[in-house]
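Here's the letter readout for the chains.
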Amino acid sequence: MSRPPLNSPFLLGFDEIERALDRVARSGTDGYPPYNIERIPRSETEPERLRITLAVAGFTRDQLDVSLEENQLVIRGRQVDDRERHFLHRGIAARQFQRAFLLAEGMQVLGADLVNGLLSVDLVRPEPARVIKKIDITARD
């Protein structure tokens, strides 16, 4: 799927967005681990949030790493192969993974939680302030 370039004369200063779209398009298409992204509506006590949930069955908290690297949320999982075990059948492999999510300017990570093999990371959307600025017109004679 191709996308049109953002080189219209009406789109000024969007070169960072174009680079971000290129980076996302080049990122791996490995489907592991599977994940969900859901919108959690605003409540009386909390703002509207986004929640990323990854299925990380078999990983302990110590084998997972959640970090912010510039404007990317990076989630890594590292398992070590136990060489002392002798398997008659091995259908569950010790795997490593890395998932990166490009975050919009101002997005904040509220926290991460691991429950029953599901790693959830909550993000809050910034409330954009509407800015209207009057530009004075000067007359030149």
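Presented here is a report on the structure given in the accompanying data block. Within each chain, residues carry numbers counting from 1 in the order of the written sequence. Per-residue local features are limited, in this predicted model, to residues with pLDDT of at least 70; the limit for side-chain atom pairs, both in listing and counting, is 80 or more; totals at the level of whole chains, interfaces and linings are taken over all residues. Working from all heavy atoms in the structure, the side-chain values ignore hydrogens and water.

## Section: unusual backbone geometry
No. 1: Between Tyr32 and Pro33 the backbone carries a cis peptide bond, its omega angle lying at -10°.
No. 2: For the purposes of this entry, the term helix denotes a DSSP run of H or I that reaches at least four residues, the term strand denotes a run of E that reaches at least two, and both are numbered from the N terminus. On the secondary structure map, Pro33 appears in the loop between helix 1 (15–26) and strand 1 (35–40).
No. 3: Of note, Glu70 is a non-glycine position whose phi angle comes to about 55°, a positive value.
No. 4: With respect to the secondary-structure elements, Glu70 resides in the loop between strand 3 (64–69) and strand 4 (72–78).
No. 5: Even without being glycine, Asn116 reaches a positive phi, approximately 50°.
No. 6: Note that Asn116 resides in the loop between strand 6 (108–115) and strand 7 (118–124).

## Description of a nonpolar patch on the surface
No. 1: Only residues whose relative accessible area exceeds 30% and that form no salt bridge are eligible for patches; like-charged ones are grouped when within 9 Å, while nonpolar side chains (Val, Leu, Ile, Met, Phe, Trp, Tyr) are grouped when within 5 Å. Per-residue and other accessible areas were derived by the Shrake-Rupley procedure at a 1.4 Å probe size, with only the shown protein chains allowed to occlude residues. Just to be clear on terms, a salt bridge is a Lys or Arg side-chain nitrogen sitting within 4 Å of an Asp or Glu carboxyl oxygen. Judged by side-chain polarity, Leu11, Phe14 and Ile17 come together as a nonpolar surface patch covering roughly 230 Å² of accessible area.
No. 2: You can see Leu11 is positioned in the segment before helix 1.

## Regarding the pattern of salt bridges
No. 1: Taken as a whole, this structure holds seven salt bridges when the rule is applied.
No. 2: A salt bridge links Asp122 to Arg51; the shortest N-O distance between them is 2.6 Å. In this pair, Asp122 sits in strand 7 while Arg51 sits in strand 2 (residues 49–55), placing the two residues 71 residues apart along the sequence.
No. 3: We note a salt bridge from Glu69 to Arg76, for which the minimum N-O separation is 3.0 Å.
No. 4: For every residue, the accessible area obtained with a 1.4 Å probe (protein chains only) is divided by the maximum for its type, and the residue is called buried under 20%, exposed over 50%, and partly exposed between those limits. Judged by relative accessible area, Glu69 falls into the partly exposed class, the value being 35%.

## Describing the packing of aromatic side chains
No. 1: Put simply, two rings from Phe, Tyr or Trp (the six-membered ring, in Trp's case) pair if the centres are within 6.5 Å, and we call them stacked under 30 degrees between planes, edge-to-face over 60, tilted for the rest. In total, this model carries three aromatic pairs according to the counting rule given.
No. 2: Taking the centre distance of 5.3 Å and the plane angle of 85° together, the rings of Tyr35 and Phe101 count as edge-to-face. With a gap of 66 residues between them, Tyr35 in strand 1 and Phe101 in strand 5 (residues 96–102) connect regions that are remote in the sequence.
No. 3: Judged by its relative accessible area of 36%, Tyr35 falls in the partly exposed class.
No. 4: Residue Phe101 is classed as buried on the basis of its relative accessible area, which comes to 10%.
No. 5: Consider the rings of Phe59 and Phe97, whose centres lie 5.3 Å apart with planes at 85°: the pair is edge-to-face. One end of the pair, Phe59, is in the loop between strand 2 and strand 3; the other, Phe97, is in strand 5, with 38 residues separating them in the sequence.

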